[in-house]
Amino acid sequence: MAGAARRRDGHITRERMLEEAMTAIAEDGLAGLTMAALAERLGTSGGHILYYFGSKDLLLLAALRWSEAALAEERGALLSRRLTAERKLDLFLRLYLPRGPRDPRWMLWIELWARTPANDSLREAQRDLDRGWQDDLEALLAKGVAQARFAPMDAAEVTARASELLAMLDGLSTRVVLGQESGRDARPALETARAAAGLLVPRA
């Protein structure tokens, strides 16, 4: 995760701030994350955090980008593993879904979705982050088709199935984060995702 918490000059690193922001969101929710509260958790000043991010919105976006960058590395590692396409798809579903109702990454996503209609920069950031998931899922499905692990699909169908599967995962993830999916248990969402994936991407 984070490297050294402070530089040699004693200032807290940007990565450490983002890591602590994600922890604070998981513990106290987005409403409880203020610049002052984060500064207190880090033992620094609000001005120091503002120097790096400029506003709470930019801090939230940076935290989401940081979290997604780590997941992008995990996706890349997953795609390169010597596993069946079916197993890779199952692991992809696990990686995408939230860990539970207080998953900070998904709390940030829901906040971003609410703000994008009135904010061009946030809307562009959302498209960029979504594109990474879409591209990797398309690559996974296309390879599975080429290996005769999934039923035949042309390139357009692969794109459509990936989009439909991600839209379904977004809906399930929102229900988990809002506590609507069997309380605090995220496992029913994974079982639902597996069932939907089996219909959208049938085996050969």
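Residues numbered from 1 in each chain as written. Predicted model: local features only at pLDDT ≥ 70, side-chain atom pairs only at ≥ 80, totals over all residues. Heavy atoms only, no water.

K.L.:
Explain the pattern of salt bridges to me, please; I cannot follow it from the model alone.
P.N.:
Where side chains of opposite charge bring their charged atoms close, a pairing between them can arise. Evaluated as defined, the whole model comprises 18 salt bridges. Note that Arg 41 is salt-bridged to Glu 20, the shortest N-O span being 2.7 Å. With Arg 41 in helix α2 (residues 35–42) and Glu 20 in helix α1 (residues 14–28), this pair connects stretches of sequence that are 21 residues apart. Accessibility expressed as a relative area gives 32% for Arg 41, which makes it partly exposed. In this structure, Arg 41 engages Asp 28 in a salt bridge whose closest nitrogen and oxygen atoms are separated by 3.6 Å. Of this pair, Arg 41 sits in helix α2 while Asp 28 sits in helix α1; the two residues are 13 residues apart in sequence, bridging distant segments of the chain. Salt bridges linked by common partners bring Arg 16, Glu 19, Glu 20, Glu 27, Asp 28 and Arg 41 together as one network. (Salt bridge = Lys/Arg side-chain N within 4 Å of Asp/Glu carboxyl O. Helix = DSSP H or I, 4+ residues; strand = E, 2+ residues; numbered from the N terminus. Buried < 20%, exposed > 50% of the residue type's maximum accessible area, 1.4 Å probe, protein only.)

K.L.:
Honestly, the confidence of the model for the protein chain in this entry has me stumped. Any pointers?
P.N.:
Per-residue pLDDT for the protein chain averages 86, and the proportion of residues at 70 or more is 91%. Across residues 1–10, confidence stays below pLDDT 50; counting only partners more than four residues off in sequence or on other chains, it has 19 contacts. (pLDDT = per-residue confidence, 0-100. Contact = heavy atoms within 4.5 Å.)

K.L.:
Would you mind going over helix α3 (residues 46–53) with me for this structure?
P.N.:
Structural remark: α-helix, 3.6 residues per turn; residues separated by three or four positions point the same way. Of all the residues in α3, the buried ones are His 48, Ile 49 and Phe 53. Along α3, the residues classed as buried sweep out an arc of 120 degrees about the axis, all on the same side. Looking at the buried positions of α3, the neighbouring elements they touch are α1, α2 and α4 (56–80). Taken from the residues just after α3, Gly 54 is the one with a positive phi, measuring 85 degrees. (Arc of directions from axis to C-beta.)

K.L.:
Which parts of the structure should I look at to understand unusual backbone geometry?
P.N.:
Trans peptide bonds make up most of the peptide bonds, and negative phi angles are found at most residues other than glycine. The residue Ala 148 is not glycine, and still its phi comes out positive at about 60 degrees. Position of Ala 148 among the secondary structure elements: in the loop between α7 (120–146) and α8 (155–177). Classification of Ala 148 by relative accessible area gives exposed; the value is 53%.

K.L.:
Would you explain the packing of aromatic side chains in this entry?
P.N.:
In this description, an aromatic ring pair is defined by two values, namely the gap between the centres and the angle between the planes. For the structure shown, the criterion picks out 7 aromatic pairs. Taking the centre distance of 6.3 Å and the plane angle of 45 degrees together, the rings of Tyr 52 and Phe 53 count as tilted. Owing to a relative accessible area of 26%, Tyr 52 belongs among the partly exposed residues under this scheme. Owing to a relative accessible area of 5%, Phe 53 belongs among the buried residues under this scheme. Measuring from centroid to centroid gives 6.0 Å for Trp 109 and Trp 113, while their planes differ by 40 degrees, and the two rings are tilted. One end of the pair is Trp 109 and the other is Trp 113, both in helix α6 (residues 104–115) and 4 residues apart, which spans about a single turn. Assessed through its relative accessible area of 2%, Trp 109 is described here as buried. Here Trp 113 falls in the partly exposed class, since its relative accessible area comes to 26%. Cluster of aromatic residues (ring-pair linked, three or more members): Phe 92, Tyr 96, Trp 106, Trp 109, Trp 113 and Trp 133. The ring centre of Trp 133 lies 4.2 Å from the NZ or CZ of Arg 75, which sits over that ring. (Phe/Tyr/Trp six-rings, centres within 6.5 Å; stacked < 30°, edge-to-face > 60°. Lys NZ or Arg CZ within 6 Å of the ring centre and 35° of its normal.)

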